[in-house]
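Commentary on secondary and tertiary structure
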Amino acid sequence: MQGQRIDVASEKPYPVFLGVTLENLGEYLATRIGMGEHLLVVTHPNIAELYLDSLKKGLPSFRVDTLIVPQGEEEKSLERISELTSAAIAYGADRKTVVLALGGGVIGDLAGFFASMFMRGMRYVQIPTTLLAMVDSSIGGKVAVNHPAGKNLLGDFYPPLAVWTDFSTLETLPWEEMLNGLAETVKHAVIADEELLSFVERHAQDIKARKPELYKELASRSSAVKVKLVSEDETEQGKRMFLNFGHSFGHALEAEMAYQGITHGQGVSIGMVAATHLAQERGLMSNAEVQRLINLLKSFGLPVSIKGKNPQTLIDLMGADKKNYQGQKVLVLPKGIGQAIVVRDAKDEEIMRAWKKVIK
Ligand code: ADP
Ligand code: ZN
């Protein structure tokens with residue numbers, strides 16, 4: 001088999017395959033679950049149109065059914081889980097059925113959560129088709145749906161059987177979706193991999209020109225950071241927290257805008273800049289390092305500031321972050337490029353100053 005394999009250490013370890021093809025998944029599955037088993041593909045309509053045939057081509061020795069879920073974050077709901085359950089029953093699914101989550105973060109979270117619940121749990125494979133899912137959400141075993149009271153409020157740590165990444169699916173991905181993954185890649189670089197940051201800087205032009213060869217390397221390196229942090233800390237007691245860099249600020253912005261008119265990547269981009277200013281004020285980052293981050297994000301067209309926001313509203317929203325502990329905001333700050341720390345003593349006044357640096 002072509003491609004690269006990295007193993008995630010976990011209570012239930014699993015492999016991440018990078019640079020494999022959709023057509024070859026069947027061959028691998030035959031060795032893991034045996035031939036003839038029932039497979040349930042969960043995907044979006046447009047992804048089905050683009051990639052379902054290629055995937056199915058490699059699965060002639062399985063019984064394959066497909067569940068199509070409409071586009072959109074609002075699909076990550078208990079109502080949708082209930083509908084998937086009815087459809088799965090109609091297809092004769094049982095505990096031995098294996099779910100194939102073909103898509104981005106929404107599909108991975110939803111199909112993974114469905115797999116974790118259906119008949120007390122069935123196996124599933126993550127097949128990410130967005131850069132964000134490849135480098136971030138497909139790795140780590142977090143699955144969830146949203147609730148009116150908050151995003152990802154209902155979920156679990158439920159590791160997949162494997163992650164199966166075919167980079168060629170990126171060729172049809174809209175640029176805006178690519179930016180969501182690039183923001184997470186810059187995050188990985190800043191918290192854990194200086195080399196990756198230099199790589200992204202060096203190849204910024206080719207990344208924008210969408211050279212496929214480059215995405216293979218970028219995505220492999222970026223996934224490797226995620227695999228490493230998750231392997232060291234599956235349930236987020238320590239180092240996995242670093243992955244939250246830019247997200248406490250970013251989530252507040254996304255929430256303030258009711259998830260309209262701002263993408264996750266844009267929120268994280270501005271959030272990383274705000275957190276980096278706070279880090280600079282604490283002497284953890286030099287001015288040159290702050291500028292380095294800002295310039296890189298800007299070069300991709302990711303925003304580094306935002307207009308007309310009330311910082312106090314954003315601070316209040318940060319107070320509702322799931323990661324907070326005993327009423328204290330928990331923040332991840334970069335320490336130079338390539339390292340990070342978790343701080344639990346950030347004062348609202350310094351958070352306010354950080355917000356003011358990114359509100360124009
Ligand atoms: P996320 O939560 O990561 O944004 P989604 O599953 O909602 O993930 O996918 C984001 C959007 O990109 C959806 O509109 C989806 O249909 C589309 N999409 C995902 N992968 C591809 C791809 N490889 N090519 C084209 N469009 C894609
Ligand atoms: Zn993110």
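In this text, all values refer to a predicted model and were calculated from it rather than measured experimentally.

1. Points about the site of ligand 1
Close contacts around ligand 1 come from 17 residues, with Asn-46, Gln-71, Gly-105, Thr-129 and Thr-172 the closest. In the model, an oxygen atom of ligand 1 is placed 2.9 Å from a nitrogen or oxygen of the Val-106 main chain. In the model, a nitrogen atom of ligand 1 is placed 2.8 Å from a nitrogen or oxygen of the Thr-169 main chain. Here ligand 1 has 550 Å² of accessible area as a free molecule, and 86% of this is covered by the chains. Of all the elements in the fold, those that place two or more residues in the shell around ligand 1 are helix H2 (45-57) and helix H4 (105-117). In terms of residue count, H2 provides more of the shell around ligand 1 than any other element does, four residues in total.

2. Remarks on the packing of aromatic side chains
What the rule picks out here adds up to six aromatic pairs. Taking 5.4 Å as the distance between ring centres and 50° as the angle between the ring planes, the aromatic pair formed by Phe-114 and Phe-118 counts as tilted. Each member of the pair, Phe-114 as well as Phe-118, carries the same accessibility label: buried. Look at Phe-249 and Trp-355: their rings are 5.1 Å apart centre to centre, the planes differ by 65°, and that puts the pair in the edge-to-face class. Within this pair, whereas Phe-249 is found in helix H10 (residues 247-256), its partner Trp-355 is found in helix H14 (residues 348-358), the two being separated by 106 residues in sequence. Residue classification places Trp-355 among the buried positions, given a relative accessible area of 0%. Aromatic rings pair up to connect Phe-17, Tyr-28 and Trp-164 into one cluster. Directly above the ring of Tyr-158 sits Lys-12, whose terminal nitrogen or CZ lies 5.8 Å from the centroid. Above the plane of the ring of Phe-199 lies Arg-221, whose end atom (NZ or CZ) is 4.5 Å from the centre.

3. Focus: the environment of Ala-101
With respect to the element layout, Ala-101 can be found in strand E5 (residues 98-103). Taking relative accessible area as the criterion, Ala-101 reaches 1% and is therefore assigned buried. For the pair Ala-101 and Arg-240, spaced 139 residues apart in sequence, the C-alpha separation works out to 23 Å. Setting aside its immediate chain neighbours within four residues, Ala-101 contacts Val-42, Ile-107, Gly-108, Ala-111, Val-125, Gln-126 and Ile-127.

4. A few points about the UniProt feature "domain: 3-dehydroquinate synthase C-terminal" (unreviewed entry) in the protein chain
Mapped onto this numbering, the UniProt entry gives "domain: 3-dehydroquinate synthase C-terminal" (unreviewed entry) at residues 181-324. Along residues 181-324 one finds 67% helix and 0% strand; the C-alpha atoms at either end are 25 Å apart.

5. Concerning the sheet that holds strand E9 (residues 162-165)
Spatially, seven strands are ordered E1-E2-E9-E6-E5-E3-E4 in an open sheet, and the strand pairing comes out mixed. What marks the edges here is a single partner per strand, and that holds for strand E1 (4-8) and strand E4 (63-68). Each neighbouring strand pair of the sheet contributes to a mean axis angle of 20°, computed without reference to strand direction. Sheet analysis places strand E6 (residues 123-128) next to E9, joined by two bridges and oriented parallel. Paired with Gln-126 across the two strands is Val-163, which belongs to E9. Helix H9 (residues 212-232) rests against E1 and strand E2 (14-18) of the sheet, and its axis sits at about 20° to E1.

6. Quick notes on the pairing of E5
For E5, the tally of buried residues reaches six of six residues, placing the bulk of the element in the interior. Both faces of E5 are covered, namely the face carrying Val-98, Leu-100 and Leu-102 and the face carrying Val-99, Ala-101 and Gly-103. As defined by bridge partners, strand E3 (residues 38-43) adjoins E5 across five bridges and the pair is classed as parallel. Within the sheet, the bridge partner assigned to Val-42 lies in E5 and is Ala-101.

Reading guide: rules and limits
Residues numbered from 1 in each chain as written. Chains lettered and ligands numbered in written order. Predicted model: local features only at pLDDT ≥ 70, side-chain atom pairs only at ≥ 80, totals over all residues. Heavy atoms only, no water. Near = heavy atom within 4 Å. Polar contact = N/O pair within 3.5 Å; in protein donor to acceptor, adjacent residues only side chain to side chain. Areas by Shrake-Rupley, 256 points an atom, 1.4 Å probe, with all protein chains shown as cover. Helix = DSSP H or I, 4+ residues; strand = E, 2+ residues; numbered from the N terminus. Phe/Tyr/Trp six-rings, centres within 6.5 Å; stacked < 30°, edge-to-face > 60°. Buried < 20%, exposed > 50% of the residue type's maximum accessible area, 1.4 Å probe, protein only. Lys NZ or Arg CZ within 6 Å of the ring centre and 35° of its normal. Contact = heavy atoms within 4.5 Å. UniProt positions renumbered as here; feature names shortened; annotations may be inferred. Pairing = 2+ DSSP bridges. Axes fitted to C-alpha atoms, helices over the stretch in contact; angles between N-to-C directions.

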